[in-house]
Amino acid sequence: MQSAFPIGRRVTALCGLVLLAVATCRPASAQDDPDMAAQPVRPPTVIWCSVPSGGVLYVSGVTRLGMGSFMAARAYSGRFGRTVNARYGLHLGLEGNYCHQSAKQSTAATARATQIGRMAARNVAIVSVGVF
């Protein structure tokens, strides 16, 4: 029994479909979107959050975000605000920017320790928020 398409035509048709799929299914890049092309791609970010309120400094630990975008940092900041509000009865705005970003874990840990040290020198109570 013979096929409707000879082997040469089947290979040509298959190669054509593969090339068509590769050409249309490529991942989007920053060059495709003019708004994204203006913003550089950022590496993963190390982040920590703090908020002073009424003689108390609420502070989180240092955490590495999977992607270093502005939106990821803002989402983490909102989550920190919701957690502090729920656990300690504060009324922080959820749109506030409570988080500090850094490129390296050591830089973030040093900045966090410096802020805690400054606040402790002013006799401000330090509260670790922990996991949120």
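See the structure printed just above.
Residues numbered from 1 in each chain as written. Predicted model: local features only at pLDDT ≥ 70, side-chain atom pairs only at ≥ 80, totals over all residues. Heavy atoms only, no water.

Enquirer: It is not clear to me how the state of the cysteines should be interpreted in this structure. Could you clarify?
Expert: A disulfide bridge is the covalent bond that connects two cysteines by way of their sulfur atoms. For the structure on display, the rule yields one disulfide. The partner cysteine of C49 in its disulfide is C99, sulfur to sulfur 1.9 Å. Looking along the S-S bond of the C49-C99 disulfide, the torsion reads about 75 degrees, which is the right-handed sense. Residue C49 is found in strand β1 (residues 46-53), and its partner C99 is found in strand β4 (residues 99-102); the two are separated by 50 residues along the sequence. In this structure, C49 and C99 share a single accessibility class: buried. (Disulfide = S-S within 2.5 Å. Helix = DSSP H or I, 4+ residues; strand = E, 2+ residues; numbered from the N terminus. Buried < 20%, exposed > 50% of the residue type's maximum accessible area, 1.4 Å probe, protein only.)

Enquirer: Sorry if this is basic, but what is going on with the packing of aromatic side chains here?
Expert: In this description, an aromatic ring pair is defined by two values, namely the gap between the centres and the angle between the planes. If you walk through the whole model with that rule in mind, you get two aromatic pairs. Their ring planes at 40 degrees and their centres at 4.9 Å tell us that Y58 and Y88 sit as a pair that is tilted. Of the two residues, Y58 sits in strand β2 (residues 56-59) while Y88 sits in helix α3 (residues 70-88), which places them 30 residues apart along the sequence. Given the relative accessible area of 32%, Y88 is considered partly exposed. Arranged with centres 6.3 Å apart and planes meeting at 50 degrees, the rings of F80 and Y98 form a pair that is tilted. Taken together, the positions of F80 in helix α3 and Y98 in the loop between α3 and β4 put the pair 18 residues apart, joining distant regions of the chain. As far as burial versus exposure is concerned, F80 and Y98 are alike and both buried. (Phe/Tyr/Trp six-rings, centres within 6.5 Å; stacked < 30°, edge-to-face > 60°.)

Enquirer: Before we go on, may I ask you to explain the pairing of β2 in this structure?
Expert: As a general feature of sheets, a regular strand has side chains that alternate between the two faces. Of the two faces of β2, the one holding V56 and Y58 and the one holding L57 and V59 are both buried throughout. The turn linking β1 back onto β2 is made up of two residues, and G54 within it adopts a positive phi angle of 60 degrees. Pairing of β2 with strand β5 (residues 125-128), which is carried by four bridges, proceeds in the parallel orientation. Along β5, the bridge assignment pairs V56 with A125. (Pairing = 2+ DSSP bridges.)

Enquirer: In this structure, what is going on with helix α4 (residues 105-121)? I would like to understand it.
Expert: Structural remark: α-helix, 3.6 residues per turn; residues separated by three or four positions point the same way. With 17 residues, α4 extends 24 Å between its outermost C-alpha atoms, agreeing within 8% with the 24 Å of an ideal straight helix rising 1.5 Å per residue. Along α4, the positions that sit buried rather than exposed are A108, Q115 and M119. Taken end-on, α4 shows its buried residues confined to a sector of 30 degrees, consistent with a single buried face. Buried positions along α4 lie against β1, β2, β4 and β5. (Expected span 1.5 Å × (residues − 1). Arc of directions from axis to C-beta. Contact = heavy atoms within 4.5 Å.)

Enquirer: Help me understand unusual backbone geometry in this model?
Expert: In terms of backbone geometry, most residues other than glycine have negative phi values and most peptide bonds are trans. Within the chain, N123 stands out as a residue other than glycine whose phi angle is a positive 60 degrees. Residue position: N123 is located in the loop between α4 and β5.

Enquirer: When you look at the environment of R82 in this model, what are you seeing that I'm missing?
Expert: Examined against the element boundaries, R82 turns out to sit in helix α3. With a relative accessible area of 45%, R82 lands in the partly exposed category. In this structure the C-alpha to C-alpha distance between R82 and G93, which are 11 residues apart in sequence, comes to 8.5 Å.

Enquirer: How do you make sense of the environment of S106 when you look at a structure like this?
Expert: Here S106 shows up in helix α4. Here S106 falls in the partly exposed class, since its relative accessible area comes to 49%. In this structure, the C-alpha to C-alpha distance between S106 and V46, residues 60 residues apart in sequence, is 9.3 Å.

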